[in-house]
Amino acid sequence: MFKEKILKIIKNDARVGLFLAKRDIKRANKWTTILIVFVMIFTFLNLVVVSGILVGLIEGSVQANKARNTGDIFISSFLNRDYIDQSVEVVKVVENTPGLANYTARITSSGRVTAEFRKTLLKDELPNAVGAGLVGIIPEQEDLVTNLKTAIKTGTYLSSDDPDGILIGDSLIYNEETPIEFPGFTALKRVSIGDSVLITIGDTQKEFIVRGTIKAKVNEVDSRVFMNQSELRKMMGTSLITYNEIAIDLQDGIDEDLAKNALVSSGIGGYARIQTSIEAQPKFLKDIQKTFAILGNAISSIGLVVASITIFIVIFVNAITRRRYIGILKGIGITRRAIIISYIYQSLFYAILGSIIGMILVFAFIKPAFIAHPIDFPFSDGILVATLSGTLYRVLLLMITTVIAGFIPARIVVKQNTLSAILGR
Amino acid sequence: MIQIKNLAKIFENGDSPIRALDDVSFTIPDGQFLTVSGKSGSGKSTLLYQLGLLDTPTDGQIIIDDINTESLDENQKSSMRLKNLGYIFQDYAILPSLTAFENVMVPLLMLGLDDKQAENKTIEALTKVGLEDRMHNLPSQLSGGQQQRVSIARAISHNPKVLFADEPTANLDTETSKNIIDLFLKLNHEGQTIIMVTHEVEYAHMSDRTIFLVDGKIVSDITNKIA
């Protein structure tokens, strides 16, 4: 009974608070309202966009790794094996995977690439060489999955009837973007399109011509040398048809986990490691992703503090300049709670309106703009990561902050002496 | 009935405190039209604020209908003001962002009336003060006299036990002032207890009783007519 009475009183306070807030907002100075909403929009964007870009910086790398390297499903040899067991059988199963769009099977080896190999070295001069992962591909098939052709930085793409051509990853070549050298770090210097380089695998050497350089902004791609599969097989001295990696591109809408489970249940799980693109992410990417998510949350927290201070100031200035108004309300018997609630409603109105406009800006304009024109960071094409659920969560946080930031200044002003407020003394 | 016993209000002013009210005692029966008069600084407004529970006296008691207001906390005083008291201020004290209608309606909503009941009572009060055709105007669109009428409508809308008016005609022209006083007399004839602060002798004589204050003390308590 007592509880019901209390609830009724609070409900009535909320009703009167809403009545006052609606009219205050309706009759407030239009430009002041626009300014406050404008501030709230930027506060919202600060919360969502700044952390979204930070996370998007890494998400760009994650997506690039998927698009340029692993595909939707990545099959690779077990760590203790040189290649995928029963490679031919595995490929046959892959070809019958439901929802398959394309696949590319690669062989890999490690070797050494030497430029200027005909040059006579001076005493103590090191050869212009670099250790690299060598990848044998069928160029057309590779391009269908990873669009490698579009990652060509200089020169041209590899063709299947080019036994002497290679593509060199940009990270292997010394250029203005190469990080400061440190002991042990090497990169090929003075290598241009059309130059001959010597590739060494064990005791086998072969001269190749650099057809192009690749910059995919994926370390696994940019630190590799690509050549025709048949040539690498020859250099490795094997006639067996084996593969080390198979990248699978699924049709749009096909679930990666379902496709992976289908492959595993087909029995090839015993021959190779089968991973979705997320599982196949390099560990450092996963770590950076977590790190940037923490950073993003930290920046969001600062954004929330800025938002709460903004709302606090807005409400405090509003309340303090209307001290007499509040005094009159108290004088005629309007409860403190109803007056405070009216200010909370007002601050919520500004926050909700700012958030709605902010969400429209983010999802209708900013996010599509980032997708169409990613930020060209040196190591990734940065996009804006803003999911609806994540954004709504931030809106919820903003609302909670708003309620607190609206409540405190209103309470400070409402607690002042009624008569002094009415008489303006 | 309101009983005032040994009421005192002292304002601290450095080493020389000001006794705005000094041992004031009197009783106001229900339905009386009481005017409080005196020179500027005599303590008449201070008295009104104490009686209206807008301020807390330094000493003494105010008993309204057997309730000793000394024992009430801020929320209870607020509730008492809402339910039993009505105020009319010299400078109207109406809310500038609300229309005449909304100004009158707010306390009615606070009393817990539903929208329809509150609207009906608002229309009734505004009609009583002759503002039925200006109900939806903002205060800035009303004359001083009309604003004071809004203030009166707001004060009487919930049928308070006591109506307090602090120099309600001070800012109005003679004609408008007379209309306001006529309205008070009409309300008083309907049984409304009114306590009005005024320095205009003519209006004081129209009330049932007049108390004169000098330096916070009652120097005369005159019955103008038989109630």
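Since the structure is predicted, the reported quantities are computational estimates derived from the model, not experimental observations.

Here is what the cut-offs are and how they apply
- Residues numbered from 1 in each chain as written.
- Chains lettered and ligands numbered in written order.
- Predicted model: local features only at pLDDT ≥ 70, side-chain atom pairs only at ≥ 80, totals over all residues.
- Heavy atoms only, no water.
- UniProt positions renumbered as here; feature names shortened; annotations may be inferred.
- Helix = DSSP H or I, 4+ residues; strand = E, 2+ residues; numbered from the N terminus.
- Core = buried A, V, L, I, M, F, W, Y, C linked by side-chain atoms within 4.5 Å.
- Buried < 20%, exposed > 50% of the residue type's maximum accessible area, 1.4 Å probe, protein only.
- Contact = heavy atoms within 4.5 Å.
- Domains from an automatic or database assignment.
- Buried area = accessible area lost by both parts, 1.4 Å probe.
- Salt bridge = Lys/Arg side-chain N within 4 Å of Asp/Glu carboxyl O.
- Polar contact = N/O pair within 3.5 Å; in protein donor to acceptor, adjacent residues only side chain to side chain.
- Nonpolar A, V, L, I, M, F, W, Y, C, P; charged D, E, K, R; others polar.
- Pairing = 2+ DSSP bridges.
- Axes fitted to C-alpha atoms, helices over the stretch in contact; angles between N-to-C directions.
- Parallel < 35°, antiparallel > 145°, perpendicular 65-115°, else oblique.
- Left-handed = near helix turned anticlockwise from the far one by under 90°.
- Phe/Tyr/Trp six-rings, centres within 6.5 Å; stacked < 30°, edge-to-face > 60°.
- Lys NZ or Arg CZ within 6 Å of the ring centre and 35° of its normal.

**Side note on the UniProt feature "transmembrane region" (unreviewed entry) in chain A**
All names here are of chain A. Under the present numbering, the feature "transmembrane region" (unreviewed entry) in UniProt falls on residues 31-58, 292-317, 338-371 and 391-414. Each end of residues 292-317 is marked by a C-alpha atom, and these two atoms are 37 Å apart; helix forms 100% of the span and strand 0%. As a span, residues 391-414 carries 100% helix and 0% strand, and end to end its C-alpha atoms are 34 Å apart.

**Points about the nonpolar core**
Membership of the largest hydrophobic core comes to 115 residues, with the highest contact counts inside it found for Ile-334 of chain A together with Phe-184 and Ile-195 of chain B. Apart from the residues lying within four places of it in its own chain, the contact partners of Phe-184 of chain B are Phe-33, Ile-88, Ile-152, Leu-163, Ala-165, Pro-168, Ile-194 and Met-196 of chain B. Counting 39 residues, the second-largest nonpolar core is a separate cluster that includes Ile-75, Ile-84, Val-91 and Ala-259 of chain A.

**Comments concerning the domain arrangement of chain A**
Residue and element names in this part refer to chain A. Segmentation of chain A into domains returns domain 1 (2-65 + 285-423) and domain 2 (72-276). Measuring from the centre of the C-alpha atoms in domain 1 to the corresponding centre in domain 2 gives 50 Å. Facing eight residues of domain 1, the contacting portion of domain 2 comprises five residues. Between domain 1 and domain 2, the buried area comes to about 410 Å², and carbon and sulfur atoms account for 45% of it. Contact with domain 2 buries area across many residues of domain 1, yet Ala-64, Asn-65 and Pro-378 alone supply 62% of it, more than any other trio. At the junction of domain 1 and domain 2, the tally comes to two salt bridges. Linking domain 1 to domain 2 there are two residue pairs in polar contact (both at pLDDT 80 or more). Classifying every residue of the side of domain 1 that touches domain 2 gives four nonpolar, two polar and two charged.

**Examining the interface of chain A and chain B**
If you look at the interface, chain A gives 27 residues, while chain B gives 30 residues. Both sides together, the interface formed by chain A and chain B hides about 2,400 Å², and carbon and sulfur atoms give 64% of it. Of the charged contacts, one joins Glu-102 of chain B and Arg-23 of chain A as a salt bridge, the two residues approaching to 2.8 Å between their closest N and O atoms. Applying the counting rule to chain A against chain B returns 13 residue pairs in polar contact (both at pLDDT 80 or more).

**Focus: the sheet that holds strand β2 (residues 18-28) of chain B**
All names here are of chain B. Spatially, four strands are ordered β2-β1-β4-β5 in an open sheet, and the strand pairing comes out antiparallel. Whereas interior strands pair on both sides, the edge strands pair on one side only; in this sheet they are β2 and β5 (67-68). Note: strand β1 (residues 2-11) against β2, seven bridges, orientation antiparallel. Opposite Ile-4, over in β2, you have Phe-26 as the bridge partner. Against the sheet, helix α1 (residues 44-51) makes contact with β1, β2 and β4 (59-64), and its axis sits at roughly 60° relative to β2, the strand it touches most.

**A short note on the packing of helix α2 (residues 30-70) of chain A against helix α10 (residues 336-372) of chain A**
When two helices pack together, you describe them by how their axes are tilted relative to each other and by the distance separating the axes. All names here are of chain A. Interhelical geometry of α2 versus α10 gives an angle of 45° and a closest axis separation of 8 Å. The pairing of α2 with α10 is recorded here as oblique in orientation. Considering how the two elements wind past one another, α2 and α10 form a crossing that is right-handed.

**Thoughts on the sheet that holds strand β9 (residues 209-214) of chain B**
All names here are of chain B. A sheet is described by the order of its strands in space; here six strands give the open sequence β6-β7-β8-β3-β9-β10, paired in mixed fashion. Pairing within the sheet leaves two strands with one partner each, and these edge strands are β6 (85-88) and β10 (217-223). The sheet shows a mean angle of 15° between the axes of neighbouring strands, taken without regard to direction. Pairing geometry for β9 and β10, over six bridges, is antiparallel. Residue Leu-213 lies in a different strand from β10, and its bridge partner there is Ile-218. Taken strand by strand, helix α5 (residues 144-156) contacts β6 and β7 (162-166), and its axis lies near 175° from that of β6.

**Some remarks on the packing of aromatic side chains**
In this structure the tally under the stated criterion is six aromatic pairs over all chains. Seen in terms of ring centroids, Phe-38 of chain A and Phe-42 of chain A are 5.0 Å apart; in terms of plane orientation they differ by 65°. Their pairing is edge-to-face. Linking Phe-38 of chain A with Phe-42 of chain A, this pair stays in helix α2, spanning four residues, or about one helical turn. By relative accessible area, which is 47% here, Phe-42 of chain A ends up partly exposed. Pairing Phe-312 of chain A with Phe-316 of chain A gives two aromatic rings, centres 5.9 Å apart and planes at 15°, and the pair type is stacked. Taken together, the residues span about one helical turn, with Phe-312 of chain A and Phe-316 of chain A both in helix α8 (residues 283-321) at a distance of four residues. Three or more aromatic residues joined by ring pairs make a cluster, and in this case those are Tyr-87, Phe-89 and Phe-164 of chain B. Arg-322 of chain A extends its terminal NZ or CZ atom over the ring of Tyr-325 of chain A, reaching a point 3.9 Å from the ring centre.

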